[in-house]
There are 2 protein chains.
Amino acid sequence: MPIKYLLREDQIPRHWYNILADLKSPPAPVLHPGTKKPVTPQDLAPLFPMSIIEQEMSAQREVPIPDEVRHALALWRPSPLYRAERFEKAIGTRSHVYYKYEGVSPPGSHKPNTAVAQAYYNAKEGVKRMATETGAGQWGSALAFAGALFGLKVTVYMVRISFEQKPYRRSMMHAWGAEVFPSPTDRTNAGRSILAKDPRSNGSLGIAISEAVEDAATHDDTKYSLGSVLNHVLLHQTVIGQEAQEQMKMAGEYPDVVIACHGGGSNFSGIALPFARDKINGKKVRLVASEPTSCPSLTKGVYTFDFGDTVGMTPLVKMHTLGHDFMPPGIHAGGLRYHGAAPLVSKLLDEGLIEAVAYPQRACFEAAVTFSRSEGIIPAPESSHAIKATVEEARKADAEGRTRVILFNLSGHGHFDLAAYDQYFAGKLEDFEYPREAVERSIANLPRVEL
Amino acid sequence: MPIKYLLREDQIPRHWYNILADLKSPPAPVLHPGTKKPVTPQDLAPLFPMSIIEQEMSAQREVPIPDEVRHALALWRPSPLYRAERFEKAIGTRSHVYYKYEGVSPPGSHKPNTAVAQAYYNAKEGVKRMATETGAGQWGSALAFAGALFGLKVTVYMVRISFEQKPYRRSMMHAWGAEVFPSPTDRTNAGRSILAKDPRSNGSLGIAISEAVEDAATHDDTKYSLGSVLNHVLLHQTVIGQEAQEQMKMAGEYPDVVIACHGGGSNFSGIALPFARDKINGKKVRLVASEPTSCPSLTKGVYTFDFGDTVGMTPLVKMHTLGHDFMPPGIHAGGLRYHGAAPLVSKLLDEGLIEAVAYPQRACFEAAVTFSRSEGIIPAPESSHAIKATVEEARKADAEGRTRVILFNLSGHGHFDLAAYDQYFAGKLEDFEYPREAVERSIANLPRVEL
């Protein structure tokens with residue numbers, strides 16, 4: 001039996017799958033933060049190139065992937081799909097576990113799938129520079145990499161505490177030629193206003209978003225770029241699931257359940273949406289999003305309109321949210337610390353097409369260590385949530401006397417998260433239960449919207 | 001034109017190529033450090049399992065790769081071979097540049113190719129634990145990974161200064177379940193004797209080797225493992241070149257020149273030996289080893305008998321050496337800081353089958369940054385020496401008005417070397433010229449051997 005299933009380079013998907021075309025009802029409109037009326041393409045034009053805005057609003061089922069983007073994706077795609085036979089033995093299950101491995105991209109996660117597409121469209125429309133924010137650095141390094149490939153300058157506003165504590169993601173961005181500033185900076189009004197109140201501010205993702213948006217809005221040659229949540233980002237990630245479908249065919253199996261971790265929703269959507277299409281067309285498959293108990297937007301959030309950022313500058317979107325001013329505890333899966341969920345994922349959850357589960361971080365690290373020692377790859381802390389959910393699915397199947405086919409997305413490697421593993425081994429990793437009171441407080445602050 | 005050439009899993013080579021079978025004359029004997037007489041298999045039995053000792057001394061041309069080893073290699077092999085079209089454009093050459101990428105292994109370098117083979121043979125002969133040394137951690141993490149796959153305990157003696165300054169390689173070894181000690185330790189006589197003289201010793205690779213060898217020699221259930229230099233290690237690496245030969249066929253080209261960086265010789269041999277076989281059989285191909293000017297064993301060393309370690313505990317081997325007590329300057333390519341060269345590589349150089357060049361580290365980092373920004377992968381500082389040599393070959397070809405086909409081995413990624421890139425960008429990286437006086441002093445100390 002082969003260990004992994006590889007596709008040829010000419011099997012990189014030729015289109016992105018847009019699930020908007022297959023939804024039972026149209027998605028809720030995106031609202032202007034001031035007027036609370038639906039936004040128009042013109043409202044978004046200062047921030048995004050027109051082709052991205054069209055993709056954001058398109059209901060075309062199959063969006064062709066430009067040759068230039070496929071050529072850039074070919075630097076690491078198609079990514080391998082593994083049968084995790086050694087891991088199955090390690091956890092003692094009779095279920096068949098498969099994983100799609102996205103850590104083979106140069107920045108080490110699934111993020112470049114959309115970064116190269118966004119860089120391509122920006123370069124094509126004459127944009128010279130892209131501005132973005134990053135927390136721990138996964139997204140910033142993906143965009144730095146993509147900018148290098150398409151000859152675009154990239155400016156990254158990196159949350160100051162991460163800038164100081166996680167220097168190697170920053171170094172990686174430098175290696176690809178990006179400029180990286182610790183946010184808050186004195187380069188924007190948003191940054192200066194924060195620094196005026198607190199010159200030693202640690203920064204936050206919300207502040208960094210405000211700075212990147214302002215940078216783009218105030219420079220003609222510059223656009224803004226986001227690494228998750230939005231429809232076009234999820235669209236670009238569907239290459240993952242499409243490849244996985246072909247690879248599962250090679251393996252001669254079809255998954256009973258597809259699992260991915262969930263933060264903003266891009267890696268979950270990447271693997272799950274093409275299978276959701278199958279499900280809509282009558283196939284039996286469960287789609288499970290695994291999130292941290294400390295930041296449980298899908299399992300504990302409310303489904304309503306909220307801002308995408310902390311300070312309330314972005315448009316309002318209908319999503320599962322813990323409230324835009326909810327500040328999640330400092331877990332190591334930085335990519336899962338987001339108060340909301342992608343509007344598309346939220347709608348699929350609302351329509352009953354997908355499920356969500358939540359796990360505390362220590363149990364996830366335990367699963368990740370078992371995985372490392374059997375399959376060899378050391379997972380990112382984010383991805384460990386998918387592994388933990390996989391272990392639980394396998395155990396349930398074993399208890400029921402069934403053999404399930406489980407597919408999960410290993411969204412990235414943990415080469416820049418080894419300090420978190422150290423803490424886990426030293427017994428110093430804290431578990432955070434569901435922060436009910438903080439969530440209730442921030443949900444009480446949700447903006448009131450009448451449609 | 002495809003960007004990369006992928007082989008199927010069933011195309012992982014079925015044998016290792018042993019160039020000993022094709023040498024013009026037999027290799028020089030390996031001498032006992034005390035008697036200076038040729039060592040016997042029995043002399044080596046306390047350190048290595050018998051199947052490894054047989055491979056070390058075998059002249060069998062094609063050594064079958066056990067299924068269990070191929071199954072472990074399949075976790076990341078066959079590794080991709082890329083056509084570096086973007087890099088060709090970036091350096092403005094008309095030559096065709098290809099690279100074989102070994103950074104896809106979980107530990108991130110070519111080292112696991114031999115680590116899994118060694119772990120397999122040790123496990124098969126009932127060994128319970130393997131002891132080894134590591135400098136910056138590449139080899140130690142490869143053996144930790146391999147030990148996890150074959151159920152062996154792994155003890156790593158890590159040079160103390162690296163243990164403290166490079167914590168993430170250490171964390172990686174922990175993630176795979178190995179125990180890691182800062183060397184010198186108080187666990188061995190060798191370590192205790194050093195600590196008695198200098199309780200705050202930074203350690204050295206020579207001391208760490210002594211500790212690992214002593215640990216193995218004094219424990220019945222434990223053997224020693226080495227990650228370069230020896231014949232069996234080079235043998236295990238020949239999967240690289242064999243795969244590259246198939247992939248170059250897919251590309252419809254044959255290399256005019258094959259390039260790899262050179263420290264102990266395992267990554268150079270991995271790609272070069274199968275092509276050396278072609279050369280012996282009449283094919284026209286140049287094989288170039290690229291080493292640092294600061295530690296130029298092949299370009300400036302003498303070809304004679306010397307110890308493999310610093311303190312003179314190991315057998316004597318005939319090799320290009322700068323003298324076993326030569327201490328190379330602290331360049332960032334830690335894997336190239338070795339006073340000698342593999343006996344096999346040395347013999348090939350002596351027979352004129354291969355060439356050697358040397359470059360200072362700043363020029364190598366410059367080439368690596370150009371490579372990162374065009375091909376996306378951030379190279380290990382060691383591998384950057386192969387990239388610099390490739391740039392020089394391409395420039396020479398352009399100057400001659402020729403189009404050459406150049407293949408180099410990208411032996412690993414630089415995810416754990418980003419501090420070195422930071423120093424390069426900050427202009428703080430020091431170049432070390434050939435340390436002539438230090439080399440002359442240590443060459444004067446070479447042991448006298450009469451055969």
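Here the structure is a predicted model, which is why all the values come from computation and not from measurement.

In this structure, what is going on with the state of the cysteines? I would like to understand it.
Residues and elements named next belong to chain B. Enumeration according to the criterion identifies 0 disulfides over all chains in this entry. Unpaired in terms of disulfides, Cys 261 finds its nearest cysteine sulfur in Cys 364, a separation of 9.4 Å. Classification of Cys 261 by relative accessible area gives buried; the value is 2%. Here Cys 295 stays free of any disulfide, with the sulfur of Cys 261 as its closest cysteine sulfur at 12 Å.

Explain the pattern of salt bridges to me, please; I cannot follow it from the model alone.
A side chain of one charge can pair with a side chain of the opposite charge if their charged atoms are brought near each other. Evaluation of the coordinates by the stated rule reveals 44 salt bridges over all chains. Here Lys 347 of chain A ties to Glu 351 of chain A by a salt bridge, and the two come within 3.2 Å at their closest N and O atoms. Exposure class is identical for Lys 347 of chain A and Glu 351 of chain A. Each is buried. Glu 400 of chain B is the partner of Arg 404 of chain B in a salt bridge, and the nearest nitrogen-oxygen pair spans 2.7 Å. By relative accessible area, which is 43% here, Glu 400 of chain B ends up partly exposed. A single network of salt bridges, built from pairs that share partners, joins Arg 286, Glu 355, Glu 393, Lys 396, Glu 400, Arg 402 and Arg 404 of chain A.

Honestly, the sheet that holds strand β7 (residues 153-159) of chain B in this entry has me stumped. Any pointers?
Strands belonging to one sheet form pairs held by backbone hydrogen bonds; the direction of such a pair is parallel or antiparallel. All names here are of chain B. The 4 strands are arranged β8-β7-β6-β9 in an open sheet whose pairing can be described as parallel. Because the sheet does not close on itself, it has two edges, and the strands there are β8 (179-183) and β9 (222-224). Averaged over all pairs of adjacent strands, the angle between their axes in this sheet comes to 25°, without regard to strand direction. One ladder, built from 5 bridges, connects β7 with β8; its direction is parallel. Across the sheet, residue Val 156 finds its bridge partner in β8, namely Val 180. Where helix α10 (residues 205-217) meets the sheet, it contacts β6 (129-134), β7, β8 and β9, and its direction lies at approximately 170° from that of β6.

How should I be thinking about the packing of helix α18 (residues 418-425) of chain A against helix α8 (residues 167-175) of chain B in this particular structure?
Two measures define how a pair of helices packs: the angle their axes make with one another and the distance between the axes. At a minimum axis distance of 9 Å, the contact between α18 of chain A and α8 of chain B shows a crossing angle of 50°. When the axes of α18 of chain A and α8 of chain B are compared, the pair comes out oblique. In this structure, α18 of chain A meets α8 of chain B at a crossing whose hand is left-handed. Between α18 of chain A and α8 of chain B, the residues in contact are Leu 418, Ala 419, Asp 422 and Phe 425 of chain A and Tyr 168, Ser 171, Met 172, His 174 and Ala 175 of chain B, respectively. A class-by-class count of the residues in the contact of α18 of chain A with α8 of chain B yields 6 nonpolar, 2 polar and 1 charged.

How do you make sense of the relation of the copies chain B and chain A when you look at a structure like this?
Two copies of one chain are present, and they are related through a rotation about an axis combined with an axial shift. Of the two same-sequence chains, chain B is brought onto chain A (RMSD 0.0 Å, axial shift 0.0 Å) by a rotation of 180°. What the rotation and shift describe, once combined, is the action of a two-fold rotation axis. In this assembly, 100% of the residues forming the interface of chain B have copies in chain A that are likewise at the interface, indicating an isologous arrangement.

Help me understand the environment of Gly 352 of chain A in this model?
Residue and element names in this part refer to chain A. The topology assignment puts Gly 352 in the loop between α15 (343-350) and β14 (355-359). Given a relative accessible area of 52%, Gly 352 falls into the exposed group. Considering only alpha carbons, one finds Gly 352 and Leu 287, 65 residues apart in sequence, at a separation of 10.0 Å.

Can you help me understand the interface of chain B and chain A in this one?
Where interface size is quoted, it is often the accessible area lost as the parts come together. Between chain B and chain A, the contact holds 43 residues from the first and 43 residues from the second. Considering only the side of chain B, the residues that lose the most area to chain A are Leu 75, Arg 86 and Arg 373 of chain B, jointly responsible for 16% of the buried surface there. Between the two partners, chain B and chain A, sit 2 salt bridges. Across the chain B-chain A interface, the total number found is 21 residue pairs in polar contact (both at pLDDT 80 or more). For the side of chain B that touches chain A, the elements supplying multiple residues, two or more each, are α3 (67-73), α4 (85-91), α6 (138-150), α8, α16 (361-375) and α18 (418-425) of chain B.

How should the domain arrangement of chain A be read in this particular structure?
Residues and elements named next belong to chain A. Domain boundaries assigned for chain A yield domain 1 (20-61 + 110-231) and domain 2 (67-108 + 238-442). Placing a centre on the C-alpha atoms of domain 1 and another on those of domain 2 gives a separation of 23 Å. Contacts between the two partners involve 42 residues from domain 1, matched on the other side by 42 residues from domain 2. When domain 1 packs against domain 2, close to 3,500 Å² is buried across both sides, 70% of that on carbon and sulfur atoms. Taken as a group, His 110, Asn 113 and Val 229 account for 19% of the area that domain 1 buries against domain 2, more than any other trio of residues on that side. Joining domain 1 to domain 2, the criterion identifies 8 residue pairs in polar contact (both at pLDDT 80 or more). Mapped by element, the contributors of at least two residues to the side of domain 1 that touches domain 2 are α5 (112-124), α6 (138-150), α8 (167-175) and α10 (205-217). Per-element accounting of the side of domain 1 that touches domain 2 gives the leading share, 6 residues, to α6.

Hey, could you run me through helix α17 (residues 381-399) of chain B in this one?
Helical periodicity: at 3.6 residues per turn, an α-helix aligns residues three or four positions apart in one direction. The end-to-end C-alpha distance of α17 of chain B is 27 Å, a good match for the 27 Å that 19 residues give at a rise of 1.5 Å each. Here α17 of chain B lies mainly inside the structure; 14 of its 19 residues are buried.

Scoring rules and cut-offs
Residues numbered from 1 in each chain as written. Chains lettered and ligands numbered in written order. Predicted model: local features only at pLDDT ≥ 70, side-chain atom pairs only at ≥ 80, totals over all residues. Heavy atoms only, no water. Disulfide = S-S within 2.5 Å. Buried < 20%, exposed > 50% of the residue type's maximum accessible area, 1.4 Å probe, protein only. Salt bridge = Lys/Arg side-chain N within 4 Å of Asp/Glu carboxyl O. Pairing = 2+ DSSP bridges. Helix = DSSP H or I, 4+ residues; strand = E, 2+ residues; numbered from the N terminus. Axes fitted to C-alpha atoms, helices over the stretch in contact; angles between N-to-C directions. Contact = heavy atoms within 4.5 Å. Parallel < 35°, antiparallel > 145°, perpendicular 65-115°, else oblique. Left-handed = near helix turned anticlockwise from the far one by under 90°. Nonpolar A, V, L, I, M, F, W, Y, C, P; charged D, E, K, R; others polar. Least-squares fit on C-alpha atoms with pLDDT ≥ 70 in both. Buried area = accessible area lost by both parts, 1.4 Å probe. Polar contact = N/O pair within 3.5 Å; in protein donor to acceptor, adjacent residues only side chain to side chain. Domains from an automatic or database assignment. Expected span 1.5 Å × (residues − 1).

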